[in-house]
2 protein chains.
Amino acid sequence: MFTRVFFLLLLAMQVISVVPGALGDEGMYPMSELEKLDLQAAGLEIDSSLIYNPDGLALVDGICKIGGCTGSFVSDQGLMLTNHHCAFRAIRDASTPEHDYLAEGFTAGTRQQEAPTLGYTVRITDSYRDVSADVLAVVDEGMDPQKRTKAIEKKMKQLSLAEEEAHPGKRAEVSEMFLGKTYVLFLYTYLKDVRLVYSPPLAIGNFGGEADNWMWPRHSGDFSFMRAYVGPDGEPAEYSEDNIPYQPKVVLEVGSEGVLDGDFVFIFGYPGTTYRHRSAAFLGYLSEKYMPTVVDWYGWQIQNLEASAQGDRQRELALAARVKGLQNTYKNFRGKLQGIDRLNLLAVRRQQEKDLQEFIDADPVLKENYGQVLTRLDEYYQARAESAAYDLWLRYMLRSSETMSAALTVWENAIEKEKPEIEREWAYMERNLDQTTNSLVTKADTFDPVADALIMGELMKRAGGISQAEDLEALDGMTGADGAEKARKYLEKSFKKSSLMEPDTLLEAMNKSTEELKKMRDPFLRLVAELYPPYLEMREENKRRKGELDQLQAALQEVKRQFQGKDFVPDANGILRYTHGRVEGYSPKDAVHYTPLTTLEGMLEKDTGHKPFNVPARFRTLIENKDFGSFLSEDLGGVPVNMLYSTDTTGGNSGSPVLNAKGQIVGLNFDRAWEATINDFAWDHSYSRSIGVDIRYVLWVTWKYGGAEWLLEEMKVDFE
Amino acid sequence: MFTRVFFLLLLAMQVISVVPGALGDEGMYPMSELEKLDLQAAGLEIDSSLIYNPDGLALVDGICKIGGCTGSFVSDQGLMLTNHHCAFRAIRDASTPEHDYLAEGFTAGTRQQEAPTLGYTVRITDSYRDVSADVLAVVDEGMDPQKRTKAIEKKMKQLSLAEEEAHPGKRAEVSEMFLGKTYVLFLYTYLKDVRLVYSPPLAIGNFGGEADNWMWPRHSGDFSFMRAYVGPDGEPAEYSEDNIPYQPKVVLEVGSEGVLDGDFVFIFGYPGTTYRHRSAAFLGYLSEKYMPTVVDWYGWQIQNLEASAQGDRQRELALAARVKGLQNTYKNFRGKLQGIDRLNLLAVRRQQEKDLQEFIDADPVLKENYGQVLTRLDEYYQARAESAAYDLWLRYMLRSSETMSAALTVWENAIEKEKPEIEREWAYMERNLDQTTNSLVTKADTFDPVADALIMGELMKRAGGISQAEDLEALDGMTGADGAEKARKYLEKSFKKSSLMEPDTLLEAMNKSTEELKKMRDPFLRLVAELYPPYLEMREENKRRKGELDQLQAALQEVKRQFQGKDFVPDANGILRYTHGRVEGYSPKDAVHYTPLTTLEGMLEKDTGHKPFNVPARFRTLIENKDFGSFLSEDLGGVPVNMLYSTDTTGGNSGSPVLNAKGQIVGLNFDRAWEATINDFAWDHSYSRSIGVDIRYVLWVTWKYGGAEWLLEEMKVDFE
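Residues numbered from 1 in each chain as written. Chains lettered and ligands numbered in written order. Predicted model: local features only at pLDDT ≥ 70, side-chain atom pairs only at ≥ 80, totals over all residues. Heavy atoms only, no water.

Time to look at the pairing of strand S11 (residues 224–230) of chain A. Residue and element names in this part refer to chain A. The buried count for S11 comes to seven of seven residues, which makes it a mostly enclosed element. Covered by surrounding structure in S11 are Ser224, Met226, Ala228 and Val230 together with Phe225, Arg227 and Tyr229, the residues of both alternating faces. Pairing analysis gives four bridges linking strand S4 (residues 79–82) to S11, with the strands arranged antiparallel. Bridge pairing links Thr82 to Ser224 in S11. As paired elements, S11 and strand S12 (residues 244–245) share two bridges and run antiparallel to each other. Opposite Tyr229, over in S12, you have Pro245 as the bridge partner. (Buried < 20%, exposed > 50% of the residue type's maximum accessible area, 1.4 Å probe, protein only. Helix = DSSP H or I, 4+ residues; strand = E, 2+ residues; numbered from the N terminus. Pairing = 2+ DSSP bridges.)

Right, let's talk about the packing of helix H11 (residues 313–342) of chain A against helix H17 (residues 449–462) of chain A for a bit. The description of two helices packed together rests on the angle between their axes and the distance between the axes. All names here are of chain A. At a minimum axis distance of 10 Å, the contact between H11 and H17 shows a crossing angle of 55°. In terms of axis orientation, H11 runs oblique to H17. Counting all contacts with H11, which are made through Arg315, Leu319 and Arg322, the residues of H17 involved are Val450, Ala451, Asp452 and Ile455. Grouping the amino acids of the contact of H11 with H17 by side-chain chemistry returns four nonpolar, no polar and three charged. (Axes fitted to C-alpha atoms, helices over the stretch in contact; angles between N-to-C directions. Parallel < 35°, antiparallel > 145°, perpendicular 65-115°, else oblique. Contact = heavy atoms within 4.5 Å. Nonpolar A, V, L, I, M, F, W, Y, C, P; charged D, E, K, R; others polar.)

A complete count under the given rule lists 64 aromatic pairs over all chains for this structure. When the centroid spacing of 6.1 Å and the interplanar angle of 75° are considered together, the rings of Phe223 of chain A and Phe225 of chain A count as edge-to-face. Summarising the aromatic geometry, the rings of Phe619 of chain B and Tyr705 of chain B are spaced 5.5 Å apart at their centres and angled 70° between planes, so their arrangement reads as edge-to-face. Remark: Tyr705 of chain B occurs in helix H25 (residues 695–705) and Phe619 of chain B occurs in helix H24 (residues 617–624); sequence separation between them is 86 residues. For the pair Phe619 of chain B and Tyr705 of chain B, a shared accessibility class is recorded, and that class is buried. Taken together, Tyr275, Phe282, Tyr285, Tyr380, Tyr381 and Phe681 of chain A form an aromatic cluster joined through their ring pairs. One residue, Arg123 of chain A, lies across the ring of Tyr188 of chain A, its end atom 3.7 Å from the ring centre. One cation-aromatic arrangement involves Arg171 of chain B over Tyr190 of chain B; the distance from NZ or CZ to the ring centre is 5.7 Å. (Phe/Tyr/Trp six-rings, centres within 6.5 Å; stacked < 30°, edge-to-face > 60°. Lys NZ or Arg CZ within 6 Å of the ring centre and 35° of its normal.)

Residue and element names in this part refer to chain B. Strand order in the open sheet made by the eight strands is S1-S14-S13-S19-S20-S21-S18-S17, with antiparallel pairing throughout. The open sheet is flanked by strand S1 (29–30) and strand S17 (597–599), the only strands paired with a single partner. Across three bridges, strand S13 (residues 264–269) lies against strand S19 (residues 657–660) in antiparallel orientation. Within S19, the position partnered with Phe266 by the bridge is Leu659.

What follows is the structure in C-alpha cells.
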C-alpha cells in the first residue's frame, strides 16, 4: 500500500542522511528500564549513571512535579523552571487591582517580593519499588471482575498508607504500570510553599495563543520561574515568612550555548497517558465513538460559551481558562482523529491483530490460553460503544457544569465519609480530602451561572433520543426539544434559588451528611441526589469493566510479547519517564519541510498588533535594536525562540527540561506538533515532534525584557 | 533594519551553499539582450546560438502564442503543448449534450476527432526590428502631452500597416519597450485553424482549483495538447477539413527524464506587464489607492455573484469563468499588497529615490535636466490618486457588467468607424474589428442579467459620495443608498426591455451608426450614450497623462541608468522574453521550507472526494497500483507532479515550456507562488518562484490516464 506512512518514512530517510548518530526513538522509559538502553550509542556524552543512579544522586533528582506539570531545579536556592501555562493560575492569583501580572508579566525584585501561590505543591520522588506481587496476591484467576478491581484498589491504598506510616511526612502512591499486571510504589516528598519569581507577560508567554496551539512554527515564551520554600528546619511546611529556600538534592546546569539542528537531546518528565498497547477494538471505540462525541460536545461548549460572554470582559475572563481547556482537548482530538485517518491506523492495527491471531491459532497451548482474547476485546468495546451515548451523556450532565460537578462532589463526599478510610473512593479519603475541597472552592471562584444554565439546558435537550436518559425521572418532561421550555424555566428558577456555589456554602456542605444536605433544599443537590443511583450504577459497572479489561489487556500484552519476541515499554501513566531524540525538523506534507528552530524574526512576521499575535512595543524595540547579548545564534541570524525535537512525549510532559548530551538544560518542553497529537496511539520518527522553548530565549527574555539579570547569575549562566 | 528582506536573504544564502553553479536571476530578457549574458556560466550546456539565433533557426522558434498564453511545438505535425486553463474555452466549446469534456477530459483518437476551436489563433514571431527612431521622430521636446501620445500612437499604427503591406498575410505590431523611449516592430504569422487534441478532466487539469491558485505545494495537471493546421498550400487558413497539420520551423524536444532539485532551467514566453522601473509614487498610488479599490470591488462581486447563483447549477456554470477571473486578480492583488507590506517596499523605494535625488542634486547639469523628475512624478500620481475614486468607478460602471461593456463597444464602434482607419482607436481599426466583434459575441454567450443587474445596482449605490458620479445626469436620483429603490426599478424595467445581449442583435448593432443605434431605443445604449462624453473626457485625459508620464518615466530611466552605472532589462510588455533559474525551493516563513517537487502521493493527501480536491477513482487506482512506467522518480519515491523554479515570470508566461540545460522541455509553466505575486514590482531570489507542471506528469497522465500513447510516440518520447 502506497500510503502516507510509507512516504513519510521515505522522507524521514532523506532527513536521516544528514543527521549524524542515532535518531529519536519511540519510548517513554521508566527509570527502571534505562539500564537496557545504550544511551552513549544514542548520543549521550556523559555516563548514564550521571543521569540516573538508583544507588545515589543523578540529574533525574533535579526534576520535580509542580501541579500537573514537570519542573526542574536550576539553583541551590530552590529556583525552578516550568511552563508559563503551568504557573498561569499563580500569576492570576498574584494579580491585584493595581497590577494585572498576566498582562504585565511578573518580576520579583527581591525574595520578599516573590508571590505566594494557592494550591501549588512541588513533588519530589524519593524512591520506588515494584509491588506487583503484593498487589496481585489479592486476586485470583476466576474472580468476579468488579470484585477484582475493588480488591486491587484496596490493596493499593493499603500499601500506600503503610508506606506513609513508615515515612512520616512523606506521601506514597502505587501506580499501575501495565494494566492489571505490574504495580510500583512511589514515595514522594511534597513541598507546600511555592512562590512565583518571574513570568513574562501573556503576550510573550502565550504568544500565538489558541491559534498556534499544537502548531509549528511556534514562537511562544511558555516559561516561568518559581521557588520552593521549606520551614527553617528544612522540612516541608505551609507558607510562612520564616520559611527558607529549599535546597534541592541536585541542581540542573543551564546550557546557555543552546543547540544546533541535529543535536542529541533527552527529557525527564511525567507523561500522562498513552494507548499504544491497546487493541484495535479500543482504537475503533475511541475514534468512532468516544472522540467524535467529545469533539462535538466540546465544540458546542466552546462556541456557545464564547458567544454568551462576547462583549462582557469580566465573564470572558472568568470563562477564559475553562474555554482554553476545552479548546486544548478539542484541537488535540481533532488532530488525533485526522492522524488516525491519515495513517489508516485502524486498518493497520486490525492487520497486526490478524497476524497475531494466526500466531496464536497455530499453537495449541497459546490457542487454549489466548485464543479468545481479541474476540473478547472486540465484544468488550462493542458493549462500551453501545452504551457510550448514555454513559458520556451522564458523565457530562454531572461534570460539564461547575454547579452539577460541585453538587456531585458534595453529595458523594457525604456518602463516602460514612465508610472506613480504606473503603472510600480515592478523592474522599482523609489523606486526599483537603485537595478535593481546595479544588472545589477554586472552581467556585469562576462560577458563571449563565454558562452553567446554557450547558445544562443543552444536555437536557441532548438527552432526547437517548432512551436511558429520557427515562430518568429527575428530568421528567425536560428532555429533548419538546422539553426545552420546561427545562429553561426549571433552570431559571433553580439558579435563582441555589446558593450552593458560594465558597462558604461549599465548605460547610463538605462537612454535612446526606440528611443535612437534604435540609439545604438546594435544587442542584436534589437533582444530583436523584441522579446518584444511576451514576453509582455506572461507576460500579466501570469497575467491573476495568476488572474485565485488566485481565484481557494483561493477556494481550503477554501474548504480543511472545509474538514479537521482545518486551515493551509500558504505556505512559503519569510516573517519571525518560525519552531521547534529536533536534530535527520534519515534513508535515508533500513538498513542505519544517526546520527545527524558530527565531525572533518569525515572531515579528506574525505580529498583527492584536491578540494573540501582539508583540509588546518594548519587546519589538529590543529586537530591532538587536540587543541580543550572547544569545544570538550566528547560524540562525537571530535569537532562537522555539525548538522541535524527536523525543517521545505526551500531555504531562509540560515543563520538562530538554537536556543536551552533557545533561545541561537547553530547552523547556511545552507542546507537540499537530501531526504528533497521534503519538498517544502511534509514535513515528517521521512525524512525532515535541515543541520546546529554547533556553536562549528563556534567558534573553528574563534578562533583557524582564530585567531579572540576577536570576541568570543565580543560575550561574555565562552571559554578556 | 532587521526586516524580513534581510532574513530572507540570509536564508537564501543558506540555500545557495547547497546549489551548484549560478542562481536564478532577475530579468525577463528580450531576445536582443541575450548576447549580453553568459548563459554557459549560468548553467546552459548547449551553445547560446542554439537557443536564439537572429540569423537562423533556434529553439526560440519553436515557441508560439496561443490566445493570451504561450505554447510550444512538440512535433513536426503542429502538435502544441500549453496549459489546460489556456485551452479551457476550447474544451468547453467542444463539449456536447452527450459529452462534458471539461468533466471527462478530451482525447482525440484520430486526427479526424480533433476538435476545431472558436476564436483560437496561434501567433509565430517571424522577425522584429528596433523602430524607436522612426517613432520618436514624430514628437519633440515641448509638445503637448496629449498630442504627443496621439502622434506616437498614429506612427505606431502607420509602421504596422506599412509592414503588413510589405508582407501580405502577416501581421505587424509595434511594441513599446521602455515607456516613451524604445519601440520595436514585430512581424507575426497567425495560424487560424487550431484544434484540441488531448485534455485531462478538470479534476486533474485544475486540481486544487481556486483554493490552491497562487499556492505551493501544488498538484495541478494544468496542461493540454492542441494542434495547428494550415491550408493545403502551407499558408495560414481558416478551418477546413482539407487543411493539413502545420510544420513548425523548429520542434522542441521533450526531456522525459525530468529534473532534479538544483537543475538549471530556462523559459521563453510572453510575460505581460511588470512595474519594476516605476517610481515610488507609482507604487504608492497602486498600493494605497488602485489595488485596495480593485480588491474591494472584485471581492464584492465574487461574494455576491457566487451567492446569487448558489444552487442554480446552470447560472453557476455560466458565471464560473467570470468569477474565476475575478478571483485570480483578487487573490493576486491581495498577495501583492501583503508582499509590499512584508517587504516594506514603499519605504525601500522612497529611500532609493532619496539617494537618487542626492545624486542628481550634486551635479548641476543633472540637476538642471532631471532635478524635478521625482517631484513631478509625485505630483502626477497625487493627481491620479485624487481622481481615482471617480475614474475607477466610471471604468467599472462601463465595464464590470457584460451589458454595459457590450453597449459601450457597440456605441464607440459607431463613432470610431466614421474616422479614417489610422485615426481610430486600436480595437475599432478594420484589421482588429473581427476580433473585437468575436469577443463581444463570445461574452454574450454567458450573459447573466441577474448578475449584471446586481453589479449595476451596486455601482450606482457606490456612486454616492463620489461627487462627479453623483452629478451625472444619466443617473439622476439613482445614486447612493437613497437612490437604491429608484435604481432597482430602473434596472428591472431596463433588463426586461433590452434585447441587446442577443448575439444577432449585437452583430447587427456593430454595423449601425449612432443614429441607427438611437432608433433601437435600447435602455443600455441610451445610458452609454449619456455616459460617453464623460468617458471620452477620461479617455483623452488618460492620453494626456500617458504623454506626460512617458516623458517623466523616460527621464527617470535615463538618470537612474547614470546613477547605477548600468543598463536595465525593460519591464515586461507582452513580447517574447527569456529568463533562467534553477529548480529550487524557498522559505515562505520562519522555520518553513518548501521543497521544489510535489508528488502523486501529495495529491492523494489532499484528496477530499469533493471539488476542487477530487481525485478521480480510476486515477487513484493507477496510483495505488504504482502503474508509473518509466516516469517514477527514484529520488522522490513517486511520480513528480509540479515543480518550483527561480525564474523571473509574470502573467502571460502561462503555457511557457520550462527547458533544461540541454534545451529539452522538462515542464510547463502555469503559475507563481504566493510570495512571488510581488514579482511585478520586485523580483528577489529568496521568494520569487514560478510553478510548472513536471513533464513526467504530463506524459504519465497523457499515457496512462488519457490512453493517448500515440502522442508520446509522436513526440518521440522514450517510455515504457
